[in-house]
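Geometric and topological summary
Listed below, chain by chain, are the residues.
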Amino acid sequence: MPQLPEHLLRRSAEAKAKAQGRPVEEILAEMKGEEAPAAPAQGTGDRDQVTGGEGRDLDAEAGKYGVPRPLLERAMFARAKADGTAVPAMAGAPAEQAAAVSSQASAAAAVAAPAAPVGPPPGVRTQRLLTVVKAGAIQGTGTEPQDKVNVWPHLLAIEFVALLAMLAFLTLLSAYVDAPLLEFANFNEQPNPSKAPWYFLGLQELLAYFDPQVAGVIIPGFGVAALAFIPYIDRNPSIRPADRKFAISLFTVFFVGASVLTIFGSFFRGPGFNFVFPWTDGIFFDDLRTILE
Amino acid sequence: MADGNGRVGIKEAVTGMAGHLRKSQVWNSIFRPGSPMRSDNSDSPRNRSYVVMNNVLYHLHPVKVKRHGVRLSYTLCLGGLSFFLFILLTITGIFLMFYYRPTSPQAYFDMQALATDIAFGQLVRNMHRWGAHVMVLTVFLHMTRVFYHGAYKPPREFNWVVGIVLLLLTLLLSFTGYLLPWDQLALWAVTVGSNMAAYTPVFGDQVTFALIGGIQITADTLLRWYVLHVLFLPFIIVIFMAVHFWRVRKDGGLSGPL
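Now for a quick tour of the structure. Source: prediction; values computed, not measured.

Notes on the side chain of S255 of chain B
- Here S255 of chain B is to be found in the segment after α11 (219-250).
- Excluding residues within four positions of it along the chain, S255 of chain B makes contact with K66, H68, Y74, H149, A151 and R156 of chain B.

A short note on the interface of chain A and chain B
- Across the boundary between the two partners, chain A contributes 74 residues, which contact 77 residues of chain B.
- Across the contact surface, chain A and chain B share three salt bridges.
- Residue R129 of chain B pairs with D287 of chain A through a salt bridge whose shortest N-O separation is 3.8 Å.
- At the junction of chain A with chain B, the criterion picks out 33 residue pairs in polar contact (both at pLDDT 80 or more).
- Mapped by element, the contributors of at least two residues to the side of chain A that touches chain B are β1 (148-150), α8 (151-176), α9 (201-207), α10 (212-228), α11 (230-233), α12 (245-267) and α14 (289-292) of chain A.
- No other element matches α8 of chain A, which puts 18 residues into the side of chain A that touches chain B.
- Among the residues making up the side of chain A that touches chain B, the classes are represented as 49 nonpolar, 14 polar and eleven charged.

Things to note about the packing of α8 of chain A against helix α7 (residues 121-148) of chain B
- Between α8 of chain A and α7 of chain B, whose axes approach to 9 Å, the crossing angle comes to 130°. In this view, α8 of chain A runs oblique relative to α7 of chain B, as classed from their interaxial angle. Relative to α7 of chain B, α8 of chain A is oriented so that their crossing is right-handed. Touching M166, L167, F169, L170, T171, L173, S174 and A175 of chain A of α8 of chain A are L123, N126, M127, W130, G131, V134 and T138 of chain B, all from α7 of chain B.
- Class assignment for the residues of the contact of α8 of chain A with α7 of chain B results in ten nonpolar, five polar and no charged.

Cut-off values and rules
- Residues numbered from 1 in each chain as written.
- Chains lettered and ligands numbered in written order.
- Predicted model: local features only at pLDDT ≥ 70, side-chain atom pairs only at ≥ 80, totals over all residues.
- Heavy atoms only, no water.
- Helix = DSSP H or I, 4+ residues; strand = E, 2+ residues; numbered from the N terminus.
- Contact = heavy atoms within 4.5 Å.
- Salt bridge = Lys/Arg side-chain N within 4 Å of Asp/Glu carboxyl O.
- Polar contact = N/O pair within 3.5 Å; in protein donor to acceptor, adjacent residues only side chain to side chain.
- Nonpolar A, V, L, I, M, F, W, Y, C, P; charged D, E, K, R; others polar.
- Axes fitted to C-alpha atoms, helices over the stretch in contact; angles between N-to-C directions.
- Parallel < 35°, antiparallel > 145°, perpendicular 65-115°, else oblique.
- Left-handed = near helix turned anticlockwise from the far one by under 90°.

Shown next, in the form of structure tokens:
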């Protein structure tokens, strides 16, 4: 029998004692496979009169292993029949019944012979604790317990404050600075310089250095593909910065490069997309025109 | 409850009504058990769990997160702010749709009317435009943050790819919206941008034709980009966002600690 926690064993024993009308200590001892306590047994007659000798005490075994006595008997008879040996004497079994069995005249009848009526009163259903599956015994998760905090209030409060701060920032900015609106769209008058939206100005800056095929298609195409495939290219499992010096350096080059190109395209390019110094020649950047004015 | 004259003061009346309201069946049907809005709520670990678990929030957040994840310095809230900006842009965008016609020259006149005729029109347009710029920034910075934390490593590889798609969709949403004011800035910025698409090898002309609905930008382009901006791209990005958020939960929440 597996090691059961004491309190579960006791609960089971109490339930059994209540159902069978026997003292709890006795059943508990039976379950633990120990000797019954010295206290006088008050149970039903023949079940408790354990006789010694070479015979098997089926009642004790039934209590010990949690297998009903009729099943034990049947197994014993089956083994005896298979081995061709005599059935050992059974403690607690009526003498004439044992005799009938030993002559192997009618084993089935012996099995069918009713035992002394024990059990719960009619109409009461009892339940038996079959086994206790300890957590992790069948399905191990292998995860270490982690230091966690409740999302409410710890995370939600922070998120809500961040949301309010962003809303306040945008409302204030919008109250004081209008979005740019230039003259009506005119197909015949191209402004100089003509600049793409600011997030494409890094690409437009590249156009000043490379062939359009390279700057407009190959570099952004391969750039996006490389970005998307980062997890499948970088096979290093560690997330510690000390182990990822190469990956971090490479990404930093990309990040700084993209930022510098965008800032260059935005602030350092003037008429004809030629290089200008914003502090001497002025800023030619309409996206933020209303903010910078 | 009553003042010296035996009358019930306004403050007491309001407090009493609020108390009745918070005990009413209607109120309790709206706020599920554990909500701090309920009158019978008390602060306990169980009720803190219920605030998330008994709530539509459970689609976004687990009941508990790793302790290092709630530090503001870890995420800078960039992903959450991107999502909030998307919601804010949807709300302000719906407002703008009431006053905007994607035809030439009405589109430009409607922009002027927003500034002069419509209550809060200019404010909402400003919020929409600045918010869009900020969203491009936060999405890009969110990607950078995720990279430096190595949060794209298994099992989160695919969610990184979904994130790259979301970045591209954010850029496309911003770019399609750029044309809508129909002023010189919009027209020529989009001209420069879509000229780059013409350099696509082999079928550059076809790409440009499909993108701007013709050989050059016309009022047809305006309608096309309007539909892309207010319907098609938001529809696509919401689907990808749903996958993105779901995978954040399923892949074990925040990565780390480092």
